[in-house]
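# Analysis of the macromolecular model
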Amino acid sequence: MTTIRDSLPERPLSATEVKALEAQREEIGVAPVGFFPDLDIVPAFVVIVEDERGYSLGFDRDDERWVVVESFDEDDAFADVTDRLREWVGDDWEDVDQETVAVEAGLGEPEQD
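Residues numbered from 1 in each chain as written. Predicted model: local features only at pLDDT ≥ 70, side-chain atom pairs only at ≥ 80, totals over all residues. Heavy atoms only, no water.

### Details of the packing of aromatic side chains
Going through the model one piece at a time under the given rule, you end up with two aromatic pairs. Ring centres 5.6 Å apart and planes at 65 degrees place the aromatic pair Phe 59 and Trp 66 in the edge-to-face group. In this structure, Phe 59 and Trp 66 share a single accessibility class: buried. (Phe/Tyr/Trp six-rings, centres within 6.5 Å; stacked < 30°, edge-to-face > 60°. Buried < 20%, exposed > 50% of the residue type's maximum accessible area, 1.4 Å probe, protein only.)

Right, dumping it as structure tokens:
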């Protein structure tokens, strides 16, 4: 799991990047859990590795890096796993504005007035 985590940028992913992550690796399934559509950011997702082992990954804003929030096995209910990850994410992303996310993602500089 550290390989996937270490390959992630030091920012939340966009929805497109989450889809690309899954497409790049046949052996994993990726399910976004935290998604803020107004900002187009995914600060957390669940990764299932070869249908056996799973990991919840989340972007830690304080440390500015991705962390493994939880690992779980196939006996854990997926709904319970996603509920715990949603709780970990919380709603503290409301103070992030779209211009900040765009700049961090390298999508352009904010417009000057």
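After that view, the rundown keeps rolling.
### Some thoughts on the sheet that holds strand E3 (residues 53-60)
The antiparallel open sheet is built from four strands, whose spatial order is E1-E2-E3-E4. Two strands close off the open sheet at either side, each with one partner strand: strand E1 (28-36) and strand E4 (65-73). With direction set aside, neighbouring strand axes in the sheet form an average angle of 20 degrees. Pairing between strand E2 (residues 41-49) and E3: six bridges, direction antiparallel. Of the residues in E3, the one forming a bridge with Val 47 is Tyr 55. Helix H2 (residues 15-24) contacts E1 and E2 of the sheet and is inclined by roughly 170 degrees relative to E1. Sitting on the sheet, helix H3 (residues 78-89) is in contact with E1, E2, E3 and E4, with an inclination near 150 degrees to E2. (Pairing = 2+ DSSP bridges. Helix = DSSP H or I, 4+ residues; strand = E, 2+ residues; numbered from the N terminus. Axes fitted to C-alpha atoms, helices over the stretch in contact; angles between N-to-C directions. Contact = heavy atoms within 4.5 Å.)

### Looking at the environment of Trp 88
Within the element layout of this structure, Trp 88 appears in helix H3. Judged by its relative accessible area of 35%, Trp 88 is partly exposed. It is 8.0 Å that separates the C-alpha atoms of Trp 88 and Val 69, two residues lying 19 residues apart in sequence. Sequence-distant contacts of Trp 88, defined by excluding residues within four places in its chain, comprise Gly 58, Phe 59, Asp 60, Val 67 and Val 69.

### A short note on the environment of Ser 56
Mapped onto the elements of the fold, Ser 56 is located in strand E3. Classification of Ser 56 by relative accessible area gives buried; the value is 0%. Spatially, the C-alpha atom of Ser 56 lies 4.4 Å from that of Val 46, the residues being ten residues apart in sequence. In contact with Ser 56, other than residues within four places in its own chain, are Phe 45, Val 46, Val 67, Val 68, Val 69, Glu 70, Phe 72, Val 81 and Leu 85.

### Section: the pattern of salt bridges
Tallying each qualifying case throughout the model produces five salt bridges. A salt bridge links Arg 11 to Glu 17, with the nearest nitrogen and oxygen atoms 2.6 Å apart. According to the relative accessible area criterion, Arg 11 is buried, its value standing at 10%. Across the pair Asp 83 and Arg 86 runs a salt bridge, and its minimum N-O distance is 3.8 Å. You can see Asp 83 and its partner Arg 86 sitting in helix H3, three residues apart, about one turn around the helix. (Salt bridge = Lys/Arg side-chain N within 4 Å of Asp/Glu carboxyl O.)

### Brief notes about the side chain of Asp 60
Looking at the secondary structure, you find Asp 60 in strand E3. No salt bridge is formed by the buried Asp 60. Its closest oppositely charged neighbour is Arg 65, at 5.8 Å. In this structure Asp 60 touches Arg 65, Val 67 and Trp 88, once residues within four positions along its chain are discounted. (Lys, Arg positive; Asp, Glu negative; His and termini not counted.)

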